[in-house]
Structures are given as structure tokens and as C-alpha cells.
Amino acid sequence: MKKSWLWLASMLLVLALFLAACGDSDEEEQEQDDTEDTEQQDDTEETEGDSGPAQGGTFTYAIASGPTGPLDVNFYGSSSEREVSQFIQESLIDYDENLEPIPYIADWESEDNINYTFTFQEGVKWHNGDELTVHDWVLALETLAHPDYTGPRWTNVADIVGAVEYRDGEADSISGINVISDYEIEIEFVEAKVNNLVNLWTYPMNTTVYGDMEVADMEEDALIRNEIIGTGPFTMKNYREGEYYELEKFEDYWQGEPNLDGLVVQVVPNDSVIGALESGQVDFVSIAPRLAEQAGEVEGVSVVTAPGLSYYYVGFRLGYYDHEENVIAGQYDKFQNKLLRQAMWYALDREPWVEEFFGGYGEVINAPVPPAHWIAADPADLNPYEYDPEKAMELLDEAGYIDVNDDGWREDPDGNEFTIEFSHYDTGDPAFETRAQAFVQNWQDVGLNATVNMVEVGLYYDTLEESDPTDAPDFELFFGGWSTGVDPDPSGLWTSDALWNYPRFLNEESDQLLADALNVDIVGTDEDEQKANRQQIYTEWQQLINDEAPMLIITALDAVYAKQDRIKGFTIDVNGWNNPSEWYIEAEDQE
């Protein structure tokens, strides 16, 4: 099992890092290394003595922001919740270092990308002692497709035959799901898509615990919010919601009893994390890149990095979403002028911004696909939007945004006052307002009257996801981040029916390109041919986004961690870290 930066079209990296995803507190960036200082190396890996890894000890994993929503993987909404549940709840499948799906708890067969047969390993135990069966997976799939389900993962079951009818209340079950036995199940998809498997939701729900629970009541139930169970290496022992979560090893874990006795997920704000590393209070933390140099100077602490699959952006709220019809229903007028959007991109001085606020642990990019992903367009095929305030002012003049009253600020093409409010989430870290103000200053320098609006992080993402007034947006310009995950398909963040299409970008060509990249009739079935054809289509799509500029892409992020050297058995690559059951602490280092 690896921790995936994905967690599927979800993961707002804006909380504690994903990953991936998603938004966080700056610590959404990470890399990989296990040296005595901040110099980097590739995978970190330690070897144990002839007697094998030491048993016992407790490990503390710090996150910057406390979970505010349900921890259960079927309902979580931000990376901070998944930072806890990743040790408890596992997927049925895993991914290799090339981000290709591989068997884990379940294996599968398919000859046509439509009909899949899955076979479960026998003897996998839930934390309550139940044996995992395909019925637990059926419960999860039916929960996500239920009309009362309020979580964001309908898209991960929508392509199963009969899921739409089940969601609309026209059927009592999902017809495309056929249980053969306790360990074998068939799933039929509506059409052959390249990513049917990787888009499918693969996290089960225990039928004993959740089977009789009304779906409408699940999200607020303690068994979903905090007291979750899974099949993973650690179980929930004790917690104080939003502060700490004490886990203990699951002795009957199907991969073998974990080496550690327990693990604590502790909320530690960014401004306290260096002190916590120095005192030994924290063993491992997804660290804000600007703190990496300090962390590397702490005795006994290494900075560990890995290629990231996430990016930051500035998004325009171009339209509004109909939450009943699940589609973008209309557009606002303010930022419809493409030249205005492009001018604001040219105005951003991104290179020094990344260096100052992320310690250089990032790369300026110009499309919403991190370079580590195989679908990333060649930079030469994209407009680089290099910092060019003169070009920005030329475009603003061309678009009709001119200072007509000599007050120092540009008016709109009709001569009316034109102001811009740039919203950024607030976790209490003062660096966030500083970095937001840096962009505002860039826009002010080309004559745009821009200001910063700092919003409490929980309210911030609730508003982006749920609030869609038809007259004017709550946040007209906003800061965000996403983890792209193992599935290269960006549809979950960009199509006209995607809830997480936060810019509310409505573009038929974009929808068609994304659909074509999944269409077997277009991309073919030969693996090499298919990959090449998909890459070409995704390049065309990135060129479209690069030109239309519905969001101003800022940087792709590395994954940056700080780790106490006493923690052994740890490895990491682009797909995340190895199974935490393999981590250990030498006997002489245990407290």
C-alpha cells in the first residue's frame, strides 16, 4: 500500500498536503531525501539487521490543520481528513512507481474495458474482526450512488451500468454490479473508457457497522466522522476532534502485524513545527517548504523529498453551478474577457514568488498538469507567460481596461470603476496573506485596483464548493491547489458537470477533448498507441487551457517532509510512501 497523492480528484492541497492534493498550509509540497542535512537523494531506504526490524514504539505524524469534516474516506472533503484515515482505511488496488494500477486486496480481469471481474483475497480482516467480502464494496458503491449521498464522489461510480437509475430512485440496486460469491464480483460500465478502472471507487464500507445506517445520516454520524474502521495497519484508539488522533496497531493486519505499537496524528501549526522537531515531539511532518532549511538544521532530522503531483493556481470564478442538475448553469460577466485574464497572468512575477514562499521546492508551470505526470505537455508547446508587465499593460489597453479619470486605476471598457478582490484561505499562518499580497501588488503595478480577502479555511472551501449565487460570486478571484493523483484524466476538475470545477469553466471544446482522451474508439486499445494518442489529446487540452486562462497556473510542487532519523524502514517515490506497517524504531531509540 502506498499513500497516493491522488485520493482521487479530491484532495485540496490547501490544508496539510495531500496528497495529494488539492490546498493547505504550504506544506503541500514535499520531496524525498534522507540525509543528515538538506541535501537531497532519491528514495530513502534503510536496512535492518539480521534479526529483522525492531518491534514496538510509537510514531508521531504532524499535520498543520485539524480535520473539520468526516474522516471516513467515502466522505472526506479535504486532505487533512485523509491525513488521518490513510493509516486506517485502504483501497482495494494500489499503484506502482509509474502510476499504473496493480493488484492489492483485489485482482481483476477485463477484455473489453467494459466488463470487469474482481477477485478478493480471502482472510482480510476488518478492525472489528469481520472478514472483508465483496458485499462491503457493494455497500460503498451503492452509498456513493444513493440520492441522499452528500459527498463529492458520485463521479467515481456514475459510469457503472444502472448507477444513474439507482441515484434517480428508479431502481433498488445498481444493475451493473453482479455478486458471484463473497470474494468475486462483476462490474459492467456504460461504455469502454481507458480509465474505467482507475476512476472506479475502490474503498469498501463494513456492512456490519454501516449497513443499516441511513445514507442521509452518515456524514454526521460519529462512526463516519471520527470513529472509523478499516482494513489498514492501524486502528482508531482515542481522539480529540481537530487536535489529535491516537492509533494503535492492528495485530491481525492482513499484510502482517505492524512493527510499531502505535501512531499519533497530531495537529501542530507551522509556526510550532520546528520546535516540535527539535524537542522530538514530532517524528514526521509534511513541512512547509519555506521551513525546510530550518528543519534540515535540526540535529537528527532529515528533509525528505519526492516529485509532486500537485499544483497551485489563481482561479477566476467565471460561472455558477446548479447543484440539483449537477452542471454549470451560467456565466458571470466580469472576467469573460480572455485578454484581461491573460494580462493578469503576464503580470505575475512567479519565479521569485516560488523561491520566497516555497523555498524553491516548486517549478513554474503553465498548464494544470505537473511535469512529473506522463501527460504533461512539452513546455515548448505552451505560452510560458513569462513575467512581462509591459505585455500585461498592452493587453489591458487592447481589451479596453484604461485609466480614464487619471486616478491611477484602470476602469472597465464601459468606463466604470473596476476592482478585483483576490480571496485566499486563512489558517492563521501570516505567510499566506503575505504571499497573496505579493500577487495583488503585481496586478496593482499594471493599474488594476486589486485587494486581498483572507477567509477562514473551512468556510473558504465550503463556499467554493457549495455557494453558487446567480448574480455575482462570493469569491471572484481565488487561490487554490490540487493534487492530480494517479489517474491522468482531469475531467473531475474540469468538465461542465464537475462540482470541483471551481472556476466554473464552461467550454465545449474542453469537454470534448477530455471525453476523446478516454474513448477507446479514438485512442485505440494497443497500450503504446493508446498512451501516445492520449498524450497528444491531453496536450491539445492543455494548450486550450493555457490560451483560455480560466485559471492562472503558478507552480507544480515537490513533496517535502521532515523526518526524525530514528524512524527506519521508510521509502518514498512519486506515488507516495511505503506501507506504514513496515516502519520501525530501533529498540535503543524507543521511549
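The coordinates are above.
The model shown is predicted, which means the values in this text are computed figures rather than measured ones.

## Describing the sheet that holds strand β7 (residues 177-181)
- Taken in spatial order, the four strands of this open sheet run β5-β6-β8-β7, and their pairing is antiparallel. Every interior strand has two partners, whereas the edge strands, β5 (106-109) and β7, have only one. Taking each pair of neighbouring strands and ignoring which way they run, the sheet shows an average axis angle of 25°.
- Two strands pair when backbone bridges link them, and β5 and strand β6 (residues 115-120) are joined in this way by four bridges, in the antiparallel orientation. The partner of W108 across the bridge, within β6, is F118.

## Some words on the pairing of strand β9 (residues 234-240)
- Sheet topology places β9 next to strand β10 (residues 244-249); six bridges connect them, and they run antiparallel. Its bridge partner lying in β10, F234 is registered against K249.
- The antiparallel pairing of β9 with β10 creates a hairpin that spans three residues between the two strands, and G242 there sits at a positive phi of about 80°.

## Points about unusual backbone geometry
- Notably, N113 is not glycine yet its phi reads approximately 60°, a positive angle.
- Along the chain, N113 turns up in the loop between β5 and β6.
- Taking the relative accessible area as the measure of exposure, N113 reaches 22% and is therefore partly exposed.
- Despite not being glycine, D406 shows a phi value in the positive range, around 60°.
- Relative to the assigned elements, D406 resides in the loop between α12 (389-399) and β17 (419-426).
- By relative accessible area, which is 71% here, D406 ends up exposed.

## Focus: the pairing of strand β8 (residues 184-188)
- Residues of β8 alternate between two faces, with I185 and I187 buried on one and E184, E186 and E188 left unburied on the opposite face.
- Taken together, the four bridges between β7 and β8 define a ladder with antiparallel strand orientation. The residue bridging V179 from the neighbouring strand is I185, located in β8.
- Taking the residues between adjacent antiparallel strands as the criterion, β7 and β8 are bridged by two residues.

## Observations regarding the environment of L144
- Mapping L144 onto the fold places it in helix α2 (residues 134-145).
- A sequence separation of 71 residues divides L144 from V215, and the C-alpha atoms of the two residues are 9.0 Å apart.
- For L144, the contacting residues outside a window of four places in its chain are N74, Y149, R153, W154, V157 and W201.

## Digging into the pattern of salt bridges
- A complete count under the given rule lists 16 salt bridges for this structure.
- Between R225 and E220 there is a salt bridge; the shortest N-O distance is 3.9 Å.
- We classify R225 as buried; its relative accessible area is 14%.
- A relative accessible area of 62% means that E220 is categorised as exposed.
- Between K334 and E476 there is a salt bridge, with the nearest N and O atoms lying 2.9 Å from each other. Here the residue K334 occupies a position in the loop between β15 (327-331) and α10 (338-346), and E476 occupies one in the loop between α14 (457-466) and β19 (477-483), the gap between them amounting to 142 residues.
- On the basis of relative accessible area, K334 is assigned to the partly exposed category, the value being 31%.
- Here the salt bridges share partners, and the residues they tie into one network are K338, R341, D547 and E548.

## Thoughts on the nonpolar core
- With 83 residues, the main nonpolar core has Y61, F87, F118, W137, L141, I160 and W577 as its most contacted residues.
- No other element matches the eight residues that α2 contributes to this core.
- The next biggest cluster of nonpolar side chains, apart from the first, holds 75 residues, and it includes M344, Y346, F422 and V457.

What counts as what
- Residues numbered from 1 in each chain as written.
- Predicted model: local features only at pLDDT ≥ 70, side-chain atom pairs only at ≥ 80, totals over all residues.
- Heavy atoms only, no water.
- Pairing = 2+ DSSP bridges.
- Helix = DSSP H or I, 4+ residues; strand = E, 2+ residues; numbered from the N terminus.
- Axes fitted to C-alpha atoms, helices over the stretch in contact; angles between N-to-C directions.
- Buried < 20%, exposed > 50% of the residue type's maximum accessible area, 1.4 Å probe, protein only.
- Contact = heavy atoms within 4.5 Å.
- Salt bridge = Lys/Arg side-chain N within 4 Å of Asp/Glu carboxyl O.
- Core = buried A, V, L, I, M, F, W, Y, C linked by side-chain atoms within 4.5 Å.

By themselves, these observations are geometric and do not establish any function.
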